[in-house]
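Results of the structural survey
These are the residues of each chain, in order.
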Amino acid sequence: KPGKADGAKGLRFTPVEPNTTDAVVVPPGHDQNVVIRWGDPILRGAPAFDPARQSAKAQAGQFGYNNDFLTLLPLPGEHGRQLLFANHEYTNEELMFPGYDRNAPTREQVAIAQAAHGLSVVIVQEERRTGKLTAVPRHRLNRRLHTASEFRMAGPAAGSPLLRTSKDRTGTKVFGTLNNCAGGTTPWGTVLSGEENFNQYFANAASVTDPETKQRLARYGMTGGATSRKWERFDDRFDLTKEPNEPNRFGWVVELDPYDPDFVPRKRTALGRFKHEGAEPQLTADGRAVVYMGDDERFDYLYKFVSSKAMRKGRTRADREHNLTLLDEGTLYVARLTGDSPAEEIDGSGKLPSDGEFDGSGQWIPLAAGDRSFVPGMTADEVYVYTRLAADKVGATKMDRPEDVEPSPRTGRVYAALTNNTARGTEGRAPADEANPRNENKHGHILEMAENWGDPASDGFAWRLFLVCGDPEDPSTYFAGYPKDRVSPISCPDNVTFDAYGNLWISTDGNKLGTHDGLFGVATAGDRRGELKQFLTVPRGAETCGPIVQEDRVLVAVQHPGEISGASFEKPQSQWPDGPGRVNRPAVVSVWRKDGRRIGV
Ligand code: FEO
Ligand code: CA
Ligand code: CA
Ligand code: CA
């Protein structure tokens, strides 16, 4: 077992053992603080959090619920401060509201939940000589964007009839962003955030009569009657029989300029519409932006977008305006992966084929560029709005729930978390293939891609599985060939990021090994490639999100603490973060070394 504080540079800490402790557990010699939690006031005039008297007005000025993606950006001119961006994926009304009746939510409860979704920008201040971070309320750049905030549709499908509703004849102006999951940070200083399971907010697909509309809704997971939150009772735009195009305005990557408090965030139609997890860019040698993206659904796809224009490095207003158009023009691709081992050697058990590796080659298949469609029978607008249907037609590879995808800033190799897919190989569903080699895949895997010629804009790549997750004693697991008696168990990889030394960090969601979710670091190169070590675990019912690994600090978003079947406001199933009998509050946690030195060295 990994028991010692040795390891690759950046990973020299004593790993945290798998556990079910109702706390954030960090390695010995490290300390932590809660940076900001659900309900903390961030805007001027917002009141202190009082769960018994929460209001929509208060919530609109407070940090939202269920923080997921995080990024920290520099704040020049303000010593010891950084800009924290967080998104708020969804709400859990049972845990949020006293006496919540899921059959009869009140108008105010719905409005609070809507205000608790979305995005937050909050300035944070570091304490001298520790890694402690605290929020700076009422800073002029602090911002909340939620379900009533204005967003703009941008790029080639903006204004399309498919995006028009009775309230917006232009097809360009939409209120809110929903179910933001992971995201990305652009080299031009903006943030991206992926709208994921937006389908769950739209009611009454079962009553839609037009067969084509119905089929399109079904491909995006909209088939039922009432939704669980019942927003449709208070707002017609969530009722598909009244506004069949409203869901077409969700499922996009959102771009926000967090340095401009008046910026209207854009939904980037050129990047396609699906259940977006993250969107992480890197630049080509000539400065074009390449954005990698996953569609988090069983048997869905991996995508990338390549911009046609190059980023400008200057700092003038004109340069910034130019860079804010990069994600509106370019080509959208979907991935097809072909294994190099004979199909009969992939038996669905996870047993390595005779060449010793799950690997092969890949192709990026173009779907659309500007107003040009490459998909027979679909217009460009249709490709952008119904991207899943376009990818179905071109023979893309059905993956085991593509979550976060991120290029290594060191090597350019791209890592995709495939979180799990228990339906793989079950009756009527696609069987294991070399890129998704286990049937009923409970624990997920990590794919490593190397673009041809090292060019992110290439139309082909080589790939291999870097990790096949689970308990290392399970023979179907694989840790890049590293000895399995020297790695931590891992299950259900979700978010990925890199540290300054090129190590990959992975956070998990839904650990199927019976212990809590957590954060792991693993070397991707050198003798210790594949040596995976657990850095922290999160409280009961929580998933680990948004990891940021800086030299002197690790930041995680602890999402949905206490979310366990049967839990309610009155009967919380976790004591985190505020102790026994208190409402659970999703929160951002900072971790640092007590001796003030850099993490993992
Ligand atoms: Fe919201 Fe795909 O995790
Ligand atoms: Ca996620
Ligand atoms: Ca092979
Ligand atoms: Ca997930």
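Residues numbered from 1 in each chain as written. Chains lettered and ligands numbered in written order. Predicted model: local features only at pLDDT ≥ 70, side-chain atom pairs only at ≥ 80, totals over all residues.

Things to note about the overall build of the chain
Here is the rule: To qualify as a helix, a DSSP run of H or I must reach at least 4 residues; to qualify as a strand, a run of E must reach at least 2; elements of each kind are numbered from the N terminus. Think of it as a crowd count around each C-beta: if 20 or more other C-beta atoms lie within 10 Å the residue is buried, if 12 or fewer it is exposed, and in between it is partly exposed, with C-beta placed from the backbone throughout. Any pair of residues counts as being in contact when their C-beta atoms, constructed from backbone geometry, are within 7 Å of one another.
Along its length, the chain carries 7 helices and 32 strands. Summarising its shape, the C-alpha atoms of the chain cover approximately 60 × 55 × 55 Å along the three principal directions. For the chain, the residues scored as buried account for 56% of the 601 residues in total. For the chain, the proportion of contacts with a sequence separation of at least 24, taken over those separated by at least 6, is 62%.

Some words on the pairing of strand β22 (residues 414-418)
The test is simple: Think of it this way: DSSP has to see at least two bridges between two strands before they count as a pair.
In terms of burial, β22 is largely enclosed, as 5 of its 5 residues are buried. Burial along β22 is two-sided: Val 414, Ala 416 and Leu 418 facing one way and Tyr 415 and Ala 417 facing the other are all buried. The pairing of strand β21 (residues 402-407) with β22 spans 4 bridges and is classified as antiparallel. Looking at the pairing, Pro 407 lines up with Val 414 of β22. Following β21, the chain reverses through 6 residues before pairing antiparallel with β22; Gly 412 in that reversal takes a positive phi of roughly 80 degrees. The pairing of β22 with strand β23 (residues 445-451) spans 5 bridges and is antiparallel. Bridging from a neighbouring strand, Ala 417 pairs with Ile 446 of β23.

Quick notes on the sheet that holds strand β26 (residues 493-498)
Formally: Only the stretch in contact is used when fitting a helix axis, every axis being a line fitted to C-alpha atoms; angles between N-to-C directions are given from 0 to 180 degrees.
Taking strand neighbours across the sheet as the criterion, the 4 strands line up as β26-β27-β28-β29 in an open arrangement whose pairing is antiparallel. Of all the strands in the sheet, the pair left with one neighbour each is β26 and β29 (532-537). Strand-to-strand twist across the sheet, computed as the mean angle between neighbouring axes with direction ignored, equals 25 degrees. Note that strand β28 (residues 518-522) and β29 share 5 bridges and pair antiparallel. Paired with Gly 518 across the strands is Thr 537, a residue of β29.

A look at the sheet that holds strand β31 (residues 554-559)
Here we have 4 strands laid out as an open sheet, ordered β1-β32-β31-β30, and antiparallel in their pairing. Only two strands of the sheet have a single neighbouring strand rather than two, namely β1 (30-37) and β30 (543-549). Across the sheet, the mean angle separating the axes of adjacent strands is 25 degrees when strand polarity is ignored. Sheet topology note: the β31/strand β32 (residues 587-593) ladder contains 5 bridges and is antiparallel. What sits directly across from Val 556, in β32, is Val 589.

A few points about the confidence of the model for the chain
Note the following rule: Values of pLDDT, the confidence the predictor places in each residue, fall between 0 and 100.
Per-chain confidence: the chain averages 97 in pLDDT, with 99% of residues scoring 70 or above. Of the two predicted TM-score estimates for the complex, the pTM is 0.98 and the ipTM is 0.95.

Focus: the environment of Thr 477
Checked against the element boundaries, Thr 477 lands in the loop between β24 (460-468) and β25 (478-479). A residue is classified by how many C-beta atoms lie within 10 Å of it, and Thr 477, with 21 of them, is buried. Between the C-alpha atom of Thr 477 and that of Ile 490, which follows or precedes it by 13 residues, the distance is 9.8 Å. Not counting residues up to four positions away in its chain, the partners in contact with Thr 477 are Val 468, Cys 469, Gly 470, Asp 471, Pro 472 and Lys 484.

Looking at the environment of Glu 78
Secondary-structure assignment places Glu 78 in the loop between β2 (67-74) and β3 (81-88). Looking at Glu 78, the number of C-beta atoms within 10 Å reads 14, which means it is partly exposed. Residues Glu 78 and Gln 125, spaced 47 residues apart in sequence, show a C-alpha to C-alpha distance of 9.3 Å.

Considerations on the environment of Ser 207
Take Ser 207: it is sitting in the loop between β10 (191-195) and α4 (211-219). By C-beta crowding, Ser 207 is classed as exposed, having 12 other C-beta atoms within 10 Å. With 18 residues separating them in the primary sequence, Ser 207 and Gly 225 have C-alpha atoms 7.4 Å apart.

Things to note about the pairing of strand β27 (residues 504-508)
Burial of β27 is extensive: 5 of the 5 residues sit out of reach of the surface. Both faces of β27 are covered, namely the face carrying Leu 504, Ile 506 and Thr 508 and the face carrying Trp 505 and Ser 507. Summarising the sheet, β26 and β27 pair through 5 bridges and their orientation is antiparallel. By the bridge assignment for β27, Thr 497 is matched with Trp 505. Hairpin remark: β26 followed by β27, antiparallel, with 5 residues in the connecting loop; positive phi at Gly 502, about 90 degrees. Looking at chain direction, β27 and β28 are connected through 4 bridges and run antiparallel. The residue of β28 that forms the bridge with Ser 507 is Leu 519.

Here we look at helix α3 (residues 107-116)
Burial of α3 is extensive: 8 of the 10 residues sit out of reach of the surface. Taken as a whole, α3 has its buried residues at Gln 109, Val 110, Ala 111, Ile 112, Ala 113, Gln 114, Ala 115 and Ala 116. At the exit of α3 stands Gly 118, carrying a positive phi of roughly 110 degrees.

Comments concerning unusual backbone geometry
Note: most residues except glycine have negative phi, and most peptide bonds are trans. Of note, the bond from Trp 576 into Pro 577 is cis; its omega dihedral lies within 30 degrees of zero at 0 degrees. Structurally, Pro 577 is set in the loop between β31 and β32. Not every positive phi belongs to a glycine, and Arg 401 is a case in point at roughly 60 degrees. Considering the arrangement of structural elements, one finds Arg 401 in the loop between β20 (399-400) and β21. With a phi close to 65 degrees, Cys 492 is a non-glycine residue in the positive phi region. Relative to the assigned elements, Cys 492 resides in the loop between β25 and β26.

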